Structures are given as C-alpha cells and as structure tokens.
Amino acid sequence: MSSSVSPLAPKNVPDMPVIAGIRLATAEAGIRYKNRTDVLLAVMDKGTAVAGVFTKSKCPSAPVEWCRAKLKGGKARALVVNSGNANAFTGKTGRSSTALTAKIAAKAVGCSEGEIFLASTGVIGEPLDATKFDGVLGRLAESTEPGDYLAAAKAIMTTDTFPKVATATVKLGKAKVTINGMAKGAGMIAPDMATMLSFIFTDAPIAPAALQALLKAGVEDTFNAVTIDGDTSTSDTLLAFATGAAAEHGAPKISRASDPRLKAFVKAFNQVLANLSEQVARDGEGARKLVEITVEGAKTKASARKIAMSIANSPLVKTAIAGEDANWGRVVMAVGKAGEPADRDKLSISFNGIRVAKSGARDPSYDEAQVSEAMKAPEIAIKVSLGLGKGRDRVLTCDLTKEYVAINGDYRS
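- Under an unreviewed UniProt entry, the name given to the protein chain is Arginine biosynthesis bifunctional protein ArgJ, and the source organism is Bradyrhizobium betae.

Concerning the side chain of Asp399
Part 1 of the argument: Within the secondary structure, Asp399 is located in the loop between strand 15 (391-398) and helix 11 (402-409).
Part 2 of the argument: In this structure Asp399 is buried but unpaired, with Lys289 as the nearest side chain of opposite charge at 6.1 Å.
Part 3 of the argument: For Asp399, the side chain forms a polar contact with the main-chain nitrogen of Lys289, separated by 3.1 Å.
Part 4 of the argument: With near-sequence residues (within four places) excluded, Asp399 lies in contact with Ala287, Arg288, Lys289, Val291, Lys318, Ile321 and Ala322.

A look at empty space enclosed by the protein
Part 1 of the argument: Per the stated rule, a full pass over the model turns up two cavities of 30 Å³ or more.
Part 2 of the argument: Put simply, the largest cavity is a space of about 60 Å³.
Part 3 of the argument: Along its surface, the largest cavity is lined by Pro63, Val80, Asn82, Asn87, Ser97, Thr98, Thr101, Leu118, Ala119, Ser120, Leu128 and Phe133.
Part 4 of the argument: Residues belonging to the lining of the largest cavity are distributed by class as follows: six nonpolar, six polar and no charged.
Part 5 of the argument: Its boundaries defined by the atoms lining it, the second largest cavity holds a volume of some 40 Å³.
Part 6 of the argument: Taken together, Val317, Ala320, Ile321, Asp325, Asn327, Arg330, Val331, Phe351 and Ile382 make up the lining of the second largest cavity.
Part 7 of the argument: By residue number, the principal contributor to the lining of the second largest cavity is helix 8 (residues 315-322), which donates three residues.

Rules and cut-offs
Residues numbered from 1 in each chain as written. Predicted model: local features only at pLDDT ≥ 70, side-chain atom pairs only at ≥ 80, totals over all residues. Heavy atoms only, no water. Helix = DSSP H or I, 4+ residues; strand = E, 2+ residues; numbered from the N terminus. Buried < 20%, exposed > 50% of the residue type's maximum accessible area, 1.4 Å probe, protein only. Lys, Arg positive; Asp, Glu negative; His and termini not counted. Salt bridge = Lys/Arg side-chain N within 4 Å of Asp/Glu carboxyl O. Polar contact = N/O pair within 3.5 Å; in protein donor to acceptor, adjacent residues only side chain to side chain. Contact = heavy atoms within 4.5 Å. 1 Å grid on protein atoms, 1.4 Å probe; cavity = no way out; pocket = protein on both sides within 12 Å on 5 of 7 lines; lining within 4 Å. Points joined across faces, edges and corners; volume = space filled by probe spheres on them. Nonpolar A, V, L, I, M, F, W, Y, C, P; charged D, E, K, R; others polar.

Quick look at the structure:
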C-alpha cells in the first residue's frame, strides 16, 4: 500500500449506506504487513445468494479453486479476504491453508464450511500461514457491524494508493434496494474475468442463478474492459452477494436475469461495476494519466475490443502518453499488430478530440502546439476510426511511468 495517493484518485468518496444482512470487520493478522489491517471478514445472513467470476489463468490460486467449488451451492454466510499473500502457486500447502481458514471461519460464524468464501491477494509463491487466522476470525465475528465499507476496502489493499468503493440505490418493485461494492487492484491487471478482487453486496432478493447471469454479463464492458499492464492475475475474484432483505419491504423475489422488473437494478448494478473498474484504472501502479481508448468503425464489436486492447497494452503507446507525446505512429503500429481487419488508408486517429491522422496520413490541419497542450491533461481520450463497419468498443488503461518499474522491481523487497 503506497503512502502517496494517485493524482487520478476520485475527488470524493461516497457515503456507503448500510445493507441489511451484511456485517463487516477488519483486523491486523500480521500476514505480511505491519501496523495495518490485512484481514476482512464479511458475515451474511442465512439465505444470502452468491455468484462469482474468476481468473482464466491456468495457474489459479488456492482460494479461487475453493470458491469455484463452493459456488455450486449458491449460498454464502461469510467472506474472508486477506492481503499480503496471494496463496497462489503454493501446492498442497495452499489447499490446506484454504481448508483451515474456512474451518476457522465456519466455527467463528456458526455455519458450514461450504458457505465460506475466500480471497487472497499479494505475493505469489509464498506459503500462507492460516494459523494466523485462529483467534482473529473469532474476535472479528463478535465485532462485525453493519458497515464501514471504506475500512473494509483498505484492509484488502496491496500496492493500491486509495481504497475503492462505490454505491447505488434503485427501486425494485415497491422497495428501495442498495448495491455497495469495493475493489482492490493496481497492477497485474488484464481482462480475463474481473482482473483483481472485487466484492458486491445488495439486499435485493435475487436467486443465485439470476445473480450469476447478471454478474457474468456485467463484467464484460467494465472489469473486462480495463488493463493496466496486460498481465492477468492468478487470483482474480469478483463475488456478488444478495441477502434478499429488501423482500420484507416489497421487493419482488427474482429468479430470472431476464425478469423485466430488473431493468433499473441491472443499470445500477453495472454502474457500480463500471465505477469500481474505472477506479482500478485510475490507480494503475505509477499512473499519472487515465486513458480511454475508443475504436469505432470496426467489422464487429469483438474486433474493436481486440484492437483497443492492442493499443492499451502497448508499452510504446503507454510510455508516449506518459511523456505527453501524441505519437499516433505508435497507435498505428498497435492497430496493425492486432490481427484484426484494418485498412491503413481509411484510418483516422484523434487525441482528446483533436484529429491528428486522417485517411492513413497526418491530418492536413495538424498543429503540434495544440496537440502537445492537450496531452498535458490528466485524462487522455484516444479515438481510432477504422471506416470498415459498425463495430465499436471502449477500454480503459493508464500510462506507463518509471514509478511502475520501481514499484514492481521492489515488490518482494
């Protein structure tokens, strides 16, 4: 966790309302960090539905494997998250650690181990001493409260420079329902599900299968459209919990994601995901600029996504932005290497609304001074028009600075 907050951090932190059926607590377990909280326990009321999406890495962490297996039950009573150690690439020891953590948590909460969900973030390859949870989780279970979400978000940070929270309130039937979310992530961020750790809580009465469908659809244009460095983590976990408490106030019980009564809820749910994913991009390790890349005129949306990601993951593009250089040649390079349909002579490129290239050449009205001034802004919008079809997509990234190298060069030191 950095002592220097990213200059791209949101100016305002929302007040996070209480959600009926969710209680939170944090503690210092001394897993890796000193003098800071590193364990979060969230306790849910009986009957809480759970959904999740995870990394597509072929080397997943032990907690990811645990959650995938337990997700089939569809119900959750507790979530345990630790920072400082990812419990990934830890073999049998890692699996034993997850089992022991779940056992300790289940005893503390008073539920079955199959209702415990786990997530870990931090160093890969170091064994996690789960005995450090013994006693800590018991005390946490006794001290949980309806909710300091900001403290919870702080406990799960690693190289993050600020805690990431978001909230939305919407009507479902006759009732007002709340959606709260938190996330951590600043590096080893590339789309392949959720690209970090994130946890969403709501009091809406939504069945597990419906919640799973909403979550899977929601990540595609939010967390799956963010990249910091092109590296997909072993530990990516996004879990959603629905307590159903709003049913007591007139919210209808939802069994299908296609239920038309969910329209407003889905919009709010996706807004929370989008807010959190943008905060991840704003907190990219060493970032000084938030970068939005829009590709339009592609053959398909999927093609536009691949080209946008090719641009977003290019070290040459990202370092040019860090140097405040509108180097459209690097964007052309990234478009060309994406392996998607493109026609050089139809290509147009803009930086912050200023067109720098048109029809495969420098724009006739190009003004170096004007563009250089625009590149000093903290937020940079790159638009690429291919002129081939109606496919369009958008992704978020950040610049690549010397600080990124310093942070990752010293990560285990």
